[in-house]
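Structural characterization, general
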Amino acid sequence: MKTIAIQLERGVVEGRVATGFEPVALAFADNFTNHQEVGAACALYYRGHPVVDIWGGLADVGSGSAWQEDTICLVFSAAKGPTATCIHQLAEAGRLDIDLPIAHYWPEFGCNGKESITTRLVLTHSAGLAAVDGDLTLEQVLAWEPVVAAIAAQAPNWEPGTQHGYHARSFGWILGELIRRITGESPGAYLARHIAAPLGLRYWVGLPESELACCATLVQPEGGSDAVAELLGADSLTARVMSGPSGLFGYNAMWNRPDVLAAEMPSSNGVGDARSLARLYSGLIAEVDGVRLLGQEQLAKACEQQVRGADAVIFHETCFGLGYGLQPTLAPGAGPNSFGHPGAGGALAFADPDAQLGFAYVMNAMHFNAEGDPRTIGLVRAAYECLEAI
């Protein structure tokens, strides 16, 4: 790959791009000019090898510090893909049967109408546990045990299996507790040992203090989750899910807090760089430096469509396999068999097995656009145009 440098009004786009993939760098730079980008990174893997690794803008607006090669950032629900991968590794190894009741592994869970809920229902956002009940403090949520105990004690929000609705945060706590019960490791520790270490990723659930200085500062969106409460009411299921538990989690500067970044929230607070997420997804569909994260049979099961239609929590159409988002949940222009997960405010990571592509985009300026984020739309379009021209 060749090095590039594109001057911006504030900062510079730099990195490495393989011949033929220069349009991705131009689309990336265009986001700063035309789409209010602040700081971001984008990476592509093709046939198991890196072809784009670029970054630019500001990691922190307040200090004016530039986004560097080693800058990492919060990716919100793009964390759900790596977490689902942990679950599929356990299933592939015969340590987890996703069609057994969760109570088989976690006995306290099997009460108040949750006795028959399976891991499959959680992976497909069909378990009816989208909102976490119970009055919890932030300290309790970040401590892990209190929040998973609250989930284990509550009744479902709807009859499990009758509809699907986005389990924005409970997804990670339920699956994470399953990982802990089966392996004895916290979900962040399991991910670090079995996914990040083999591939050499800079990606964490539970950010080490030593990496905090590398983490970009989130630029919160206008309105954030408070807009949901104002529109639908604070007691609505959607507001309870998107700001819960206990209304503690608006899309605001709280996500920059060191204690929030250091906690393990496997659905919500993954922190890493674009090259690591692109490498992870490439490692799901091909060998990357001799490492393949899942076998083809398990991957096929993971990517088979399970639910599709109007989402009971976020209303618009969503489509899920077993933990991975499928089209049209990802981004306009991504291949029809792509799988992965977006993150609140714009982050996106996915694999396209047909195109042999691993894609990741991360950023610190959160935007919400019902028609799709123009930043990712442009990057995805450029990536596929490059592939078509090869």
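Rules used throughout
- Residues numbered from 1 in each chain as written.
- Predicted model: local features only at pLDDT ≥ 70, side-chain atom pairs only at ≥ 80, totals over all residues.
- Heavy atoms only, no water.
- Helix = DSSP H or I, 4+ residues; strand = E, 2+ residues; numbered from the N terminus.
- Rg over C-alpha atoms; globule rule 2.2 N^0.38 Å.
- Buried < 20%, exposed > 50% of the residue type's maximum accessible area, 1.4 Å probe, protein only.
- Areas by Shrake-Rupley, 256 points an atom, 1.4 Å probe, with all protein chains shown as cover.
- Pairing = 2+ DSSP bridges.
- Contact = heavy atoms within 4.5 Å.
- Salt bridge = Lys/Arg side-chain N within 4 Å of Asp/Glu carboxyl O.
- Core = buried A, V, L, I, M, F, W, Y, C linked by side-chain atoms within 4.5 Å.
- Expected span 1.5 Å × (residues − 1).
- Bend = angle between axes of the 7 residues up to and from the residue.
- Axes fitted to C-alpha atoms, helices over the stretch in contact; angles between N-to-C directions.
- Parallel < 35°, antiparallel > 145°, perpendicular 65-115°, else oblique.
- Nonpolar A, V, L, I, M, F, W, Y, C, P; charged D, E, K, R; others polar.

**A look at the overall build of the protein chain**
- Assigned secondary structure in the protein chain consists of 13 helices and 14 strands.
- For 390 residues, the compact-globule estimate of 2.2 N^0.38 gives 21 Å, and the protein chain sits close to it at 20 Å.
- Considering only C-alpha atoms, the protein chain reaches an extent of 60 × 45 × 40 Å along its principal axes.
- Residues classed as buried in the protein chain amount to 59% of the 390 residues present.
- On the protein chain, roughly 14,700 Å² of surface is accessible, and the fraction owed to carbon and sulfur atoms is 50%.

**Considerations on the pairing of strand S10 (residues 317-320)**
- Pairing of strand S9 (residues 307-310) with S10 involves 4 bridges; the strand directions are antiparallel. What sits directly across from Val-307, in S10, is Phe-320.
- Adjacent in sequence and paired antiparallel, S9 and S10 are bridged by 6 residues, among which Phe-315 carries a positive phi angle near 75°.

**Quick look at the sheet that holds strand S7 (residues 203-205)**
- The sheet built from 3 strands is open, its strands ordered S6-S8-S7 with antiparallel pairing. The sheet terminates laterally at strand S6 (73-74) and S7, the two strands that pair on one side only.

**Observations regarding the side chain of Glu-211**
- Along the chain, Glu-211 falls in the loop between S7 and helix H8 (226-232).
- Residues in contact with Glu-211, not counting those within four places in the same chain, are Ile-72, Arg-202 and Trp-204.

**Here we look at the pattern of salt bridges**
- This structure, assessed with the given rule, holds 20 salt bridges.
- When the shortest N-O distance is used, the salt bridge between Arg-120 and Asp-99 registers 2.6 Å. Of this pair, Arg-120 sits in helix H3 (residues 119-123) while Asp-99 is found in the loop between helix H2 (80-92) and H3, placing the two residues 21 residues apart along the sequence.
- Of the charged contacts, one joins Arg-275 and Asp-273 as a salt bridge, the two residues approaching to 3.2 Å between their closest N and O atoms.

**Focus: the nonpolar core**
- Counting residues in each nonpolar core, the largest one holds 142 residues, and the members touching the most others are Leu-44, Trp-255 and Phe-359.
- Those residues in contact with Leu-44, other than ones at most four positions away along the chain, are Phe-21, Val-24, His-49, Pro-50, Val-51, Val-52, Ala-278, Leu-357, Gly-358, Phe-359 and Ala-383.

**Comments concerning helix H7 (residues 187-199)**
- The end-to-end C-alpha distance of H7, which contains 13 residues, comes to 17 Å, matching closely the 18 Å that a straight helix rising 1.5 Å per residue would cover.
- Taken as a whole, H7 carries its principal kink of about 35° at Arg-193.
- Taken as a whole, H7 has its buried residues at Pro-187, Gly-188, Tyr-190, Leu-191, Ile-195, Ala-196 and Leu-199.
- Those residues of H7 hidden inside the fold are in contact with H2, helix H6 (170-183), S7 and helix H11 (274-285).
- Positive phi appears at Gly-200, one or two residues downstream of H7, with a value of about 65°.

**Describing the packing of H2 against H7**
- Direction vectors running N to C along H2 and H7 enclose 75°, while the axes themselves pass 10 Å from each other. In terms of orientation, H2 and H7 fall into the roughly perpendicular class. Across the interface between the two elements, Pro-82, Thr-85, Cys-86, Gln-89 and Leu-90 of H2 pack against Tyr-190, Leu-191, His-194 and Ile-195 of H7.
- The residue inventory of the contact of H2 with H7, partitioned by class, reads 6 nonpolar, 3 polar and no charged.

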